[in-house]
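Residues per chain are reported as follows:
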Amino acid sequence: MKTPLSPQQIEELKKKYPQGLWELTVEDKVAYVRKPTREEMRSVIGMATTDPLGMSEQILNDCFVAGDEEIKTDDDYFYGAAQQLQNLIQIKSAELKKL
């Protein structure tokens, strides 16, 4: 396993990606991913029902900022990561009231 980023490196990435930075661990591999942008989500949202695995792969490729590349390239690691990628998309609650 590659050594995870130092606390200083993590702080630098958090400043670069203020919308969020996550550490994604799959067994002995570690990757650092950021929250997808609206434009990135727009490009993959249609895949949600037709190709959910492809959607996860695209999100991982778009949002990967550092770490073990094997998480993206090795199927076994990718499948573990894919299960967690939906957690990158955090949606705030909204309410609509008819007046």
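Up top you'll find the structure we're talking about.
From a predicted model like this one, the values you see are computed outputs, not experimental measurements. (Residues numbered from 1 in each chain as written. Predicted model: local features only at pLDDT ≥ 70, side-chain atom pairs only at ≥ 80, totals over all residues. Heavy atoms only, no water.)

A. How the structure looks around a negative patch on the surface. There is a patch of like negative charges on the surface, built from E27, D28, D51, E57, D75 and D76. Examined against the element boundaries, D28 turns out to sit in the loop between β1 (21–26) and β2 (29–34). Among the residues examined, D28 registers a relative accessible area of 31% and is labelled partly exposed. (Patch = residues over 30% accessible without salt bridge, like charges linked within 9 Å, V, L, I, M, F, W, Y side chains within 5 Å. Areas by Shrake-Rupley, 256 points an atom, 1.4 Å probe, with all protein chains shown as cover. Salt bridge = Lys/Arg side-chain N within 4 Å of Asp/Glu carboxyl O. Lys, Arg positive; Asp, Glu negative; His and termini not counted. Charge placed at Lys NZ, Arg CZ, Asp CG, Glu CD. Helix = DSSP H or I, 4+ residues; strand = E, 2+ residues; numbered from the N terminus. Buried < 20%, exposed > 50% of the residue type's maximum accessible area, 1.4 Å probe, protein only.)

B. How the structure looks around the side chain of R34. Structurally, R34 can be placed in strand β2. Here D62 takes part through its backbone oxygen, which lies 2.8 Å from a polar atom of the side chain of R34. Setting aside residues up to four positions removed in sequence, R34 forms contacts with Y17, G20, W22, E40, D62, C63, V65 and L88. (Polar contact = N/O pair within 3.5 Å; in protein donor to acceptor, adjacent residues only side chain to side chain. Contact = heavy atoms within 4.5 Å.)

C. Layout of the packing of helix α4 (residues 52–63) against helix α6 (residues 75–85). Between α4 and α6, the least distance of the axes is 9 Å, while the angle of their chain directions is 90 degrees. Taken together, α4 and α6 sit at an angle that is classed as roughly perpendicular. Only F78, Y79, A82 and L85 of α6 make contact with α4, whose side of the interface consists of L53, S56, E57 and L60. Per-class residue counts for the contact of α4 with α6 are six nonpolar, one polar and one charged. (Axes fitted to C-alpha atoms, helices over the stretch in contact; angles between N-to-C directions. Parallel < 35°, antiparallel > 145°, perpendicular 65-115°, else oblique. Nonpolar A, V, L, I, M, F, W, Y, C, P; charged D, E, K, R; others polar.)

D. Representation of the environment of T73 within the structure. Considering the arrangement of structural elements, one finds T73 in helix α5 (residues 70–73). Here T73 falls in the exposed class, since its relative accessible area comes to 59%.

E. Representation of the environment of K35. Turning to its location among the elements, K35 is positioned in the loop between β2 and α2 (38–44). Once the C-alpha coordinates of K35 and Q58 are considered, the two residues, 23 residues apart in sequence, prove to be 13 Å apart.

F. Inspection of the pairing of β1 at higher detail. Where β1 lies against β2, six bridges are found, and the strand directions are antiparallel. Looking across to β2, one finds that T25 is bridged to V30. Two successive antiparallel strands, β1 and β2, enclose a turn made up of two residues, where E27 displays a positive phi of approximately 50 degrees. (Pairing = 2+ DSSP bridges.)

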